[in-house]
Amino acid sequence: MSMPIASHAFSLPSLPKYSNEGNHETANMALIFDRYKDRLATLPKEKGWITENLYMYQGFWHQSSRRISVETVMALQSTFKAHPTDIYLATLPKSGTTWLKALVFALVNRNRYKDDRFSTHPLLVSSPHNCLPFIETEIFRNTPTYVDSHSPRLFATHIPYTSLPQSILESGCRLVYLCRNPKDVLVSMFHFANKLRDKSRGLLTFEETFELFSKGIMPTGPYWDHVKGYHKASLEHPGKVLFLTYEDMKIDTVNNVKRLARYLGYPITEEEEAEGAVEGIVKLCSFENLSEVNKHGNLREDIPNDAFFREGKVGDWTNHLTDEMSSILDEITKEKFYGLDITWNNPIC
Ligand SMILES: Nc1ncnc2c1ncn2[C@@H]1O[C@H](COP(=O)(O)OS(=O)(=O)O)[C@@H](OP(=O)(O)O)[C@H]1O
């Protein structure tokens, strides 16, 4: 299956478009933020990267008054209902969420687009964030993204494992965690935050963000605790939680995509193998293709589609961190991950 040249409009009634619900979403957000404002006032707070403050809830730092926020986590914890057939993609921001969303969406839905050799594929015209929603944004919708008969439902989340809604933990559904080396997460988040911050607050310096990151202060951080939570879950429930790294995915995308397909229950058949289906999906979801498709437009009012695509490389941290910064993060990582088999297949690290 080779990559098509042209892209066409598509319509998928059961898939989300963030702008569809407009006023409903805004009204629902206001209601939810108001419901939790007293609780928010009791939480420890720290300086934020994009928003003014981060709030500590259940051991992790969260933004507030945003779609992905502490209020959303609280609301999801009390209302979200998982289905046993759901698939959840969990990440710390900037660990390759957009890429994983594209790959899983393309894998699970591949039979819908194979006849026209992917030429009408949604990923050729739309952001992976429109194709596969965060549960954090689902809570504000009046119309659920998926109709009841749609199975499996595909969702992403940045929520730490220990704060996931109980129904996800109890439903027995599958979960994929994508982890990225901390130095590249820091660098990626630094650039993303400066793109999205309110300009009146000025730009963050790299030194400032390094300080915050080292202390564990970043949206849904500490980095190390987030990774450890899902890593532990993957050891305890190997059939239910798959732990992948961005670096492994980069080094051998084809074999890791096959592994992902097997784990999700959508294994690549011999016929598909012969047709080059995996290579087609890998190309469709490549940084080069997705960054081109998402060069223009906004995901929502305040987030341009291109904010999710920068370098897409392993090891860009070498262009940002001093030797001293690098050693400090190595030390913290060594201590926090002591006794755990968490490594990044990267000759630079
Ligand atoms: N297709 C593909 N392949 C490889 N890498 C990709 C891809 N798409 C996005 N990226 C890179 O992932 C980084 C963005 O992270 P996330 O997608 O996790 O961001 S977010 O959490 O959804 O906000 C960000 O990394 P940096 O380039 O290091 O900043 C993106 O460039």
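Everything numeric here is computed off the predicted structure, so don't read it as measured data. (Residues numbered from 1 in each chain as written. Predicted model: local features only at pLDDT ≥ 70, side-chain atom pairs only at ≥ 80, totals over all residues. Heavy atoms only, no water.)

Now for the pattern of salt bridges. Using the criterion set out here, one finds 12 salt bridges in the structure. Residues Arg 110 and Glu 272 are paired through a salt bridge, measuring 2.6 Å at the closest nitrogen-oxygen approach. Taken as a pair, Arg 110 in helix α5 (residues 110-113) and Glu 272 in helix α14 (residues 270-275) lie far apart in primary sequence, 162 residues in all. Glu 272 shares its class with Arg 110; the two are buried. Residues Glu 331 and Lys 334 are paired through a salt bridge, measuring 3.8 Å at the closest nitrogen-oxygen approach. Taken as a pair, Glu 331 and Lys 334 lie in helix α17 (residues 323-336) at a separation of 3 residues, close to a single helical turn. A relative accessible area of 48% places Glu 331 in the partly exposed class. The class for Lys 334 is exposed, based on a relative accessible area of 57%. (Salt bridge = Lys/Arg side-chain N within 4 Å of Asp/Glu carboxyl O. Helix = DSSP H or I, 4+ residues; strand = E, 2+ residues; numbered from the N terminus. Buried < 20%, exposed > 50% of the residue type's maximum accessible area, 1.4 Å probe, protein only.)

Note that an α-helix has 3.6 residues per turn; residues three or four places apart therefore point the same way. Within helix α3 (residues 70-79), 7 of the 10 residues are buried, which leaves it mostly tucked inside the rest of the structure. Among the residues making up α3, those that are buried are Val 70, Glu 71, Thr 72, Val 73, Met 74, Ala 75 and Leu 76.

The interhelical angle for the contact between helix α4 (residues 97-108) and helix α13 (residues 253-264), taken along N-to-C directions, is 60°, at an axis separation of 11 Å. In this view, α4 runs oblique relative to α13, as classed from their interaxial angle. Here α4 runs over α13; the crossing is right-handed. For the pair α4 and α13, contact is made by Trp 99, Leu 100, Leu 103, Val 104, Leu 107 and Val 108 and by Thr 253, Val 257, Leu 260, Ala 261 and Leu 264, respectively. For the contact of α4 with α13, the per-class residue count stands at 10 nonpolar, 1 polar and no charged. (Axes fitted to C-alpha atoms, helices over the stretch in contact; angles between N-to-C directions. Parallel < 35°, antiparallel > 145°, perpendicular 65-115°, else oblique. Left-handed = near helix turned anticlockwise from the far one by under 90°. Contact = heavy atoms within 4.5 Å. Nonpolar A, V, L, I, M, F, W, Y, C, P; charged D, E, K, R; others polar.)

Among soluble globular proteins, nonpolar side chains are generally buried collectively. Counting residues in each nonpolar core, the largest one holds 108 residues, and the members touching the most others are Trp 49 and Tyr 223. For this core, the element with the most residues is α4, which contributes 9 residues. (Core = buried A, V, L, I, M, F, W, Y, C linked by side-chain atoms within 4.5 Å.)

So, about the side chain of His 121. Following the sequence through the fold, His 121 ends up in the loop between α5 and α6 (128-131). Overall, the relative accessible area of 0% leaves His 121 in the buried class. Of note is the side chain of His 121, whose polar atom sits 3.1 Å from the backbone nitrogen of Leu 123. When residues no more than four places from it in sequence are discounted, the contact partners of His 121 are Phe 105, Ala 106, Tyr 113 and Leu 284. (Polar contact = N/O pair within 3.5 Å; in protein donor to acceptor, adjacent residues only side chain to side chain.)

As a further point, take the pairing of strand β2 (residues 53-57). One ladder, built from 3 bridges, connects strand β1 (residues 45-47) with β2; its direction is antiparallel. Bridge pairing in β2 links Glu 46 to Leu 54. Counting the residues in the hairpin turn of β1 and β2 gives 5 residues. Pairing of β2 with strand β3 (residues 60-62), which is carried by 3 bridges, proceeds in the antiparallel orientation. (Pairing = 2+ DSSP bridges.)

The next subject is the sheet that holds strand β5 (residues 154-157). Ordered in space as β5-β4-β6-β7, the 4 strands form an open sheet in which the pairing is parallel. Where the open sheet ends on each side, the last strands, each with one partner, are β5 and β7 (241-245). Strand-to-strand twist of the sheet, defined as the mean angle between neighbouring strand axes without regard to direction, takes the value 20°. Bridging between strand β4 (residues 87-91) and β5 involves 4 bridges; their strand directions are parallel.

Further remarks concern the sheet that holds β3. Spatially, the 3 strands line up as an open sheet ordered β1-β2-β3, and their pairing is antiparallel. One side of each edge strand has no neighbouring strand; the edge strands of this open sheet are β1 and β3. The mean angle between the axes of side-by-side strands here comes to 35°, regardless of whether they run parallel or antiparallel.

Taken together, 22 residues are adjacent to the ligand, and Thr 97, Thr 98, Ser 188, Glu 311 and Gly 312 come closest. Between the ligand and the protein, one listed contact pairs an oxygen atom with a side-chain N or O atom of Arg 180 at 2.9 Å. The contact in question runs from an oxygen atom of the ligand to an N or O atom on the side chain of Arg 310, over 2.7 Å. Within the residue set of the shell around the ligand, elements represented by two or more residues are α4, α12 (246-251) and α16 (287-293). In terms of residues, the shell around the ligand owes the most to one element, α4, which gives 3 residues. Here the residues of the shell around the ligand are counted per class, giving 8 nonpolar, 9 polar and 5 charged. (Near = heavy atom within 4 Å.)

Let us look at the environment of Asn 305. Relative to the helices and strands, Asn 305 resides in the loop between β9 (303-304) and α17. In this structure the side chain of Asn 305 is engaged in a polar contact, spanning 3.2 Å, whose partner is the backbone nitrogen of Leu 299.

Backbone torsion omega between Ser 151 and Pro 152 reads 0°, so that peptide bond is classified as cis. A cis geometry characterises the amide bond from Gly 221 onward to Pro 222, with omega recorded as 10°. A positive phi angle is found at Lys 94, which is not glycine, with a value near 75°. In this structure Lys 94 comes out as buried when scored by relative accessible area, which is 13%. Notably, Thr 220 is not glycine yet its phi reads approximately 60°, a positive angle. Its place among the elements puts Thr 220 in the loop between α10 (206-214) and α11 (223-236).

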